[in-house]
Amino acid sequence: MSGVEIAVELVALVVAVLLVTAAARKLDWSAPLCLIAVGVVASYVPGIPEYELDPEVVLLGLLPPLLYATAIRTSLIDFRRNRGPILLLSVGLVIFTTAAVGVVAWLVIPGLPLAAGLAIGAVVAPPDAVAATAVARKVGMPRKLTRLLEGESLFNDAAALVALRTAIAAIAGSVSLLQVGGDFLLAAGGGLVIGFAVGAIAAMIRTRLQDPVTDTALSLVVPFIAYIAAEAIHGSGVIAVVVAGLILGHKAPSMLSGRSRLASRLNWQTIQFLLENIVFLLIGLQVRRIMTEVGDSGLSALQLVVICLATLAATIVTRIIWMAGIGLARRMFRRHAWPWRYSAVIAWAGMRGVVTLAAAFVLPADTPQRAVLVLVAFVVVAGTLLLHGTTLPVLVRRLKLPPPDAGEDALQEAAVLHDMTRAAIDELEKIRTPEDPEDIVERLRSRLQHRSDSAWEELGRQSALTETPSDAYRRLRLKLLEVERAKFLEARDSGMADDDVLRRILERLDIEESMLDREEETVPDSDRELRTPAATAGSCKHLAKSWPEVQPDAPDVCAECVAHGTTWVHLRKCLKCGNVACCDSSPSKHATQHFHDTLHPVMRSQEPGETWRWCFVDKQLG
């Protein structure tokens with residue numbers, strides 16, 4: 001095949017992915033399932049080239065960057081907090097699925113050795129959390145479940161590939177239990193050591209890099225270095241990549257510049273999107289070749305249907321049994337257990353994907369009934385995507401699981417930004433010198449305060465006020481940027497300035513515009529009460545105090561603003577005396593002034609649907 005043909009095929013794959021994912025998004029369908037379906041149909045169209053999914057390309061070329069892209073976005077803090085449940089899912093469930101599905105395959109496939117059955121069990125054992133988490137975010141699944149599924153997907157591939165390696169060795173000859181344990185410990189230990197080493201060295205180097213291009217280039221090779229180094233010592237390349245990614249993702253805020261973080265984030269999001277979806281399309285394109293090979297197996301169509309359905313059922317049922325067993329065991333031993341609804345969703349979120357089919361192709365050519373095993377893997381991938389992908393949203397809605405609270409998110413964001421703003425303003429007062437112009441200091445102070453105020457303004461979206469001061473600033477500034485960009489284009493077209501100068505100017509405009517854009521509005525749900533987050537409730541002695549209920553002196557107006565003829569944005573009520581005054585986003589800031597005049601420490605939001613409180617003394621949300 002010539003270089004031009006290869007280039008044309010790659011472009012065709014990318015264009016197909018873009019078209020299918022765009023259509024799936026518009027129709028609100030599962031993109032992975034649509035890509036597989038399109039691939040299946042395309043595989044039978046005359047003239048479509050036969051793409052061969054080389055397992056080495058997937059395991060070495062695609063799996064490391066996909067795992068790394070997920071790991072750098074995973075919170076190491078959350079991972080540590082949930083490490084017990086994650087290990088039960090990513091190691092315990094994989095081993096249980098390997099054994100259970102292996103026995104079922106051994107029983108239903110004529111002439112299949114038990115070792116080969118365990119091999120296909122290991123192949124179908126690891127779920128792919130990509131599709132599950134996509135559904136989770138779309139239907140508003142609780143974040144704890146989403147993080148458990150993401151954490152499971154980071155390490156279950158390692159356990160499954162180690163189990164597959166052991167089963168393949170057993171097909172060739174006898175393998176003792178001691179060897180199995182030794183292989184697993186070597187894989188896990190070697191992967192951890194290499195992952196920590198690569199992560200630490202890469203962090204040390206990237207801390208010293210100032211150029212975003214160089215930093216991004218280095219980040220692109222980190223997963224491959226970790227994977228290859230671990231596999232060279234017979235460790236788990238998957239674990240090495242995940243550990244390195246967790247370390248670098250955790251250290252990114254302190255070791256990278258803002259420009260480097262932005263560049264890395266966008267690049268890895270693009271890489272992950274393309275690789276994930278291209279692989280799903282390639283999975284579908286394998287069907288014609290798989291069916292051709294299965295035709296030589298000597299099994300009837302009915303036998304093949306029974307084999308595929310039995311393996312698919314075993315794959316699904318083992319996950320349900322495992323989750324039910326965990327819930328029962330934790331209750332028997334009186335350990336803290338998540339609600340049964342959480343277990344039900346996790347049990348039904350076992351969609352398989354990229355790793356399952358890639359691992360199937362890893363099976364040696366002389367594996368008994370290899371073509372049938374590959375077909376089984378494909379059916380499990382397609383079947384779980386179809387069954388779980390279409391019914392998981394319905395299950396989540398029927399169980400009425402609480403979605404992430406946008407209002408609580410906005411409240412936490414405002415509290416953190418407030419603390420950051422106060423710290424920055426305090427530091428500004430310390431570092432300023434008599435020579436620093438007062439107007440410059442005031443401009444810095446205003447910009448810091450504006451960022452904090454705009455976050456607080458987001459909390460009162462359900463009030464009658466349709467546009468906050470921050471909204472007005474954003475609307476006006478975007479209009480002005482349009483005018484500035486038009487004048488920039490005139491200067492470019494007339495040759496008024498050098499191209500390098502123009503590029504620097506455009507970069508400044510782009511950065512400012514990106515700061516004004518919001519990816520999504522953090523609007524509190526008007527049907528739900530905006531309460532204080534449980535994590536910060538009672539975080540100081542003033543907030544922990546039980547304040548007696550006092551009637552507001554003016555339920556829906558700021559009396560001071562009315563008296564002086566000014567306006568307000570949101571209202572706050574003093575819990576000690578009931579005084580209602582305007583917030584710090586309002587021009588007069590009467591609530592804060594009331595605290596300075598009376599030293600009454602705690603106020604509560606007086607907006608409809610909001611009960612959160614703020615301590616002026618300790619600067620705490622509670």
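Residues numbered from 1 in each chain as written. Predicted model: local features only at pLDDT ≥ 70, side-chain atom pairs only at ≥ 80, totals over all residues. Heavy atoms only, no water.

Account for the pattern of salt bridges, naming residues and giving values.
Two side chains that carry opposite charge are able to pair once their charged atoms sit near each other. By the definition in use, this model includes 17 salt bridges. Two residues, Arg319 and Glu152, come together in a salt bridge whose shortest N-O distance is 2.9 Å. Here Glu152 lies in helix 8 (residues 143-172) and Arg319 lies in helix 14 (residues 301-332), a separation of 167 residues in the sequence. Exposure remark for Glu152: the relative accessible area of 2% places this residue in the buried category. Salt bridges linked by common partners bring Glu429, Arg432, Glu438, Glu442 and Arg445 together as one network. (Salt bridge = Lys/Arg side-chain N within 4 Å of Asp/Glu carboxyl O. Helix = DSSP H or I, 4+ residues; strand = E, 2+ residues; numbered from the N terminus. Buried < 20%, exposed > 50% of the residue type's maximum accessible area, 1.4 Å probe, protein only.)

Break down the packing of helix 6 (residues 114-124) against helix 17 (residues 370-398) for me, citing the residues and quoting the values.
For the pair helix 6 and helix 17, interaxial distance at closest approach is 10 Å and the crossing angle is 30°. Between helix 6 and helix 17, the interaxial angle falls into the category roughly parallel. Here helix 6 and helix 17 pass one another in a crossing that is right-handed. The residues of helix 17 that touch helix 6, namely those facing Ala116, Ile120, Val123 and Val124, are Leu373, Val376, Ala377 and Val380. By residue class, the composition of the contact of helix 6 with helix 17 is eight nonpolar, no polar and no charged. (Axes fitted to C-alpha atoms, helices over the stretch in contact; angles between N-to-C directions. Parallel < 35°, antiparallel > 145°, perpendicular 65-115°, else oblique. Left-handed = near helix turned anticlockwise from the far one by under 90°. Contact = heavy atoms within 4.5 Å. Nonpolar A, V, L, I, M, F, W, Y, C, P; charged D, E, K, R; others polar.)

Go over the packing of aromatic side chains with me, naming the residues and quoting the values.
Tallied over the entire structure, the rule returns four aromatic pairs. Relative to Phe155, the ring of Phe79 lies with its centre 5.4 Å away and its plane at 40°, an arrangement referred to as tilted. Here Phe79 is found in helix 4 (residues 76-81), whereas its partner Phe155 is found in helix 8, with 76 residues between them in sequence. Residue classification places Phe79 among the buried positions, given a relative accessible area of 14%. The interplanar angle of 15° and the centroid separation of 5.0 Å between the aromatic rings of Phe595 and Phe616 together place this pair among those described as stacked. Of the two residues, Phe595 is situated in helix 24 (residues 590-598) and Phe616 in the loop between strand 4 (613-615) and strand 5 (620-621); the sequence distance between them amounts to 21 residues. Look at Phe595 and you get buried, because its relative accessible area is 11%. Sitting above the plane of the Trp547 ring, Lys545 keeps its charged end 4.3 Å from the centroid. (Phe/Tyr/Trp six-rings, centres within 6.5 Å; stacked < 30°, edge-to-face > 60°. Lys NZ or Arg CZ within 6 Å of the ring centre and 35° of its normal.)

Help me get a handle on the environment of Gly258, residues and values and all.
Along the chain, the position of Gly258 falls in helix 12 (residues 258-285). Between the C-alpha atom of Gly258 and that of Pro212, which follows or precedes it by 46 residues, the distance is 9.1 Å.

Mind laying out the packing of helix 5 (residues 83-108) against helix 8, listing which residues take part and the relevant values?
For any two helices packed against each other, one specifies the inter-axial angle together with the distance between the axes. Between helix 5 and helix 8, the shortest axis-to-axis distance is 8 Å and the interhelical angle comes to 40°. Judged by the angle between their axes, helix 5 and helix 8 are oblique. Every pair of crossing elements has a handedness; the one defined by helix 5 and helix 8 is right-handed. For the pair formed by helix 5 and helix 8, the contact residues are Pro85, Ile86, Leu89, Ser90, Val91, Leu93, Val94 and Thr98 on the first element and Arg147, Leu148, Gly151, Glu152, Phe155, Asn156, Ala159, Ala160 and Ala163 on the second.

Pulling in residues and values, what's your account of the nonpolar core?
One broad trend across soluble globular proteins is that nonpolar side chains are buried collectively. By size, the foremost hydrophobic cluster in this structure holds 119 residues, and its most contacted members are Ile120, Val123, Leu164, Val238 and Val345. The element best represented in this core is helix 17, accounting for 14 residues. Apart from residues lying up to four places away in sequence, Val123 is in contact with Leu164, Thr356, Ala359, Ala360 and Ala377. Of all hydrophobic cores here, the second largest spans twelve residues; its members include Trp456, Phe595, Met603 and Trp614. (Core = buried A, V, L, I, M, F, W, Y, C linked by side-chain atoms within 4.5 Å.)

Describe the confidence of the model for the chain, naming the residues involved and giving the relevant values.
Looking at the chain, pLDDT values average 84 and 90% of them are 70 or higher. Contacts of residues 519-527 to residues separated by more than four positions or lying in other chains number 16 contacts, the stretch itself having pLDDT below 50. (pLDDT = per-residue confidence, 0-100.)

An account of the sheet that holds strand 2 (residues 580-582) is requested, with residue identities and associated values reported.
Spatially, the five strands line up as an open sheet ordered 2-1-3-4-5, and their pairing is antiparallel. Looking at which strands have only one partner, the edges of the open sheet turn out to be strand 2 and strand 5. Where strand 1 (residues 571-574) meets strand 2, three bridges bridge the pair, whose relative direction is antiparallel. Bridged to Leu571 within strand 2 is Cys582. Against the sheet, helix 24 makes contact with strand 1 and strand 2, and its axis sits at roughly 120° relative to strand 2, the strand it touches most. (Pairing = 2+ DSSP bridges.)

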